[in-house]
Amino acid sequence: MTDAPLPRPIVEMRGIDKAFGAVQALRGVDLVLYPGEILGLVGDNSAGKSTLMKILTGAYQRDGGEILVAGEPVQFKSPHESRDSGIEMIYQDFALCGNMDVGQNIFLGRWPLKGPFVDRGKMYAEADRVLKRLKVDVNSVYQKVESLSGGRQQSVAIARAISFEPRVVILDEPTANLSAMATERLLETMLELKRQGVAQIIISHRLVDIFAVGDRVMVLKRGEYVGDRYIRNTDEHEVLEIIVSGTRERALTADEAGARRPQ
Ligand SMILES: Nc1ncnc2c1ncn2[C@@H]1O[C@H](COP(=O)(O)OP(=O)(O)O)[C@@H](O)[C@H]1O
Ligand SMILES: [Mg+2]
């Protein structure tokens, strides 16, 4: 019997360095993400999690290291450029316009036109299609976003991201302000996206969320990679131990990470 060929990583970050003045936020950080995989990114406050993800999207520029997307070296100068490569990040504040409706928000900045007018029929039909694809319970594309709960506003932000047909979605602390029920719905949405082949990186302090949906968890400490584990080969106790003790392990190469993937 021959082994199936390893899938190619959708994202590879190698040796990423980043300083803000005297603060070395990241030091030689490696990260590998496979298509359809959910990676949990954890570590104490100021470990560099958000910075690493902002470098991936081009919101921040790296000082050193390299990034490959589907095997191609990239140098994003803005989130606009990473969007073109299929990478979307959902920010904690959702970046929505509260006084506009759901459909207008999903297509913010690119409302479809028919002649000189907004093609409302097309915009709302498309918005509805994206919401159905996500299976989220936002009932009407005509509702004002400010009238929605935090969880549903987040669903709109995710729908907006998904409308760009991304291959990678990054969620930074998505459950921090959600009720238990909204958290449950978000995790369901993540699993639905996974079934559709979208790779995801979730930053969270809540290991329970990462253990509920994640395939793998990676730990940063004071700007350095300290370890990663497949969820099915570890438990919350061990991960907490890695977060706290922070004894540095060598990062797996892409091939090693692939070879160790549970089937
Ligand atoms: N825009 C910025 N300007 C200056 N320092 C920053 C900036 N963004 C992050 N930092 C610093 O970089 C370090 C890592 O921060 P961050 O990536 O936000 O960590 P985490 O998301 O893991 O909590 C922290 O010391 C933080 O203060
Ligand atoms: Mg952060």
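Computed from a predicted model, the values in this text were never measured in an experiment.

Next up on the list: the sheet that holds strand β12 (residues 224–230). Across a sheet, strands are paired by hydrogen bonds formed along the backbone, either parallel or antiparallel in direction. Across the sheet, six strands lie side by side as β6-β9-β10-β3-β11-β12; this open sheet has mixed pairing. Of all the strands in the sheet, the pair left with one neighbour each is β6 (87–90) and β12. Across this sheet, the average inter-strand angle for adjacent strands is 20 degrees, counted without regard to direction. Examined bridge by bridge, strand β3 (residues 38–42) and strand β10 (residues 199–203) share four bridges and lie parallel to one another. Counterpart to glycine 40 in the pairing with β10 is isoleucine 202. This element, helix α5 (residues 150–162), spans β6 and β9 (168–172) of the sheet and lies at about 170 degrees to β6.

Let us look at the UniProt feature "domain: ABC transporter" (unreviewed entry) in the protein. As annotated in UniProt, the feature "domain: ABC transporter" (unreviewed entry) corresponds to residues 11–247 in the numbering used here. The straight-line gap between the two end C-alpha atoms of residues 11–247 is 25 Å; of that span, 34% is helix and 28% is strand.

Attention now goes to the site of ligand 1. In the vicinity of ligand 1, the contacting residues are Phe20, Val23, Ala25, Asp44, Asn45, Ser46, Ala47, Gly48, Lys49, Ser50, Thr51 and Tyr60. A distance of 2.8 Å separates an oxygen atom of ligand 1 from a polar side-chain atom of lysine 49. Within the side chain of threonine 51, a nitrogen or oxygen atom sits 2.5 Å from an oxygen atom of ligand 1. Coverage of ligand 1 by the protein amounts to 64% of the 560 Å² it exposes when considered alone. Counting only elements with at least two residues in the shell around ligand 1, the list comes to β2 (23–33) and α1 (49–57). Residue composition of the shell around ligand 1, grouped by class: five nonpolar, five polar and two charged.

Attention shifts here to the side chain of threonine 51. With respect to the helices, strands and loops of the structure, threonine 51 is situated in helix α1. A relative accessible area of 12% places threonine 51 in the buried class. With residues up to four places along the chain from it excluded, the contact list for threonine 51 reads Lys18, Phe20, Ala25, Leu26 and Tyr60.

Here the largest pocket is characterised by a volume of approximately 290 Å³. What lines the largest pocket is a set of 17 residues, among which Arg83, Glu88, Met89, Tyr91 and Arg160 lie closest to the centre. Counting only elements with at least two residues in the lining of the largest pocket, the list comes to α2 (79–84), β6 and α5. Each residue belonging to the lining of the largest pocket can be placed in one class, and the counts come to eleven nonpolar, three polar and three charged.

Here is what the cut-offs are and how they apply
Residues numbered from 1 in each chain as written. Chains lettered and ligands numbered in written order. Predicted model: local features only at pLDDT ≥ 70, side-chain atom pairs only at ≥ 80, totals over all residues. Heavy atoms only, no water. Pairing = 2+ DSSP bridges. Helix = DSSP H or I, 4+ residues; strand = E, 2+ residues; numbered from the N terminus. Axes fitted to C-alpha atoms, helices over the stretch in contact; angles between N-to-C directions. Contact = heavy atoms within 4.5 Å. UniProt positions renumbered as here; feature names shortened; annotations may be inferred. Near = heavy atom within 4 Å. Polar contact = N/O pair within 3.5 Å; in protein donor to acceptor, adjacent residues only side chain to side chain. Areas by Shrake-Rupley, 256 points an atom, 1.4 Å probe, with all protein chains shown as cover. Nonpolar A, V, L, I, M, F, W, Y, C, P; charged D, E, K, R; others polar. Buried < 20%, exposed > 50% of the residue type's maximum accessible area, 1.4 Å probe, protein only. 1 Å grid on protein atoms, 1.4 Å probe; cavity = no way out; pocket = protein on both sides within 12 Å on 5 of 7 lines; lining within 4 Å. Points joined across faces, edges and corners; volume = space filled by probe spheres on them.

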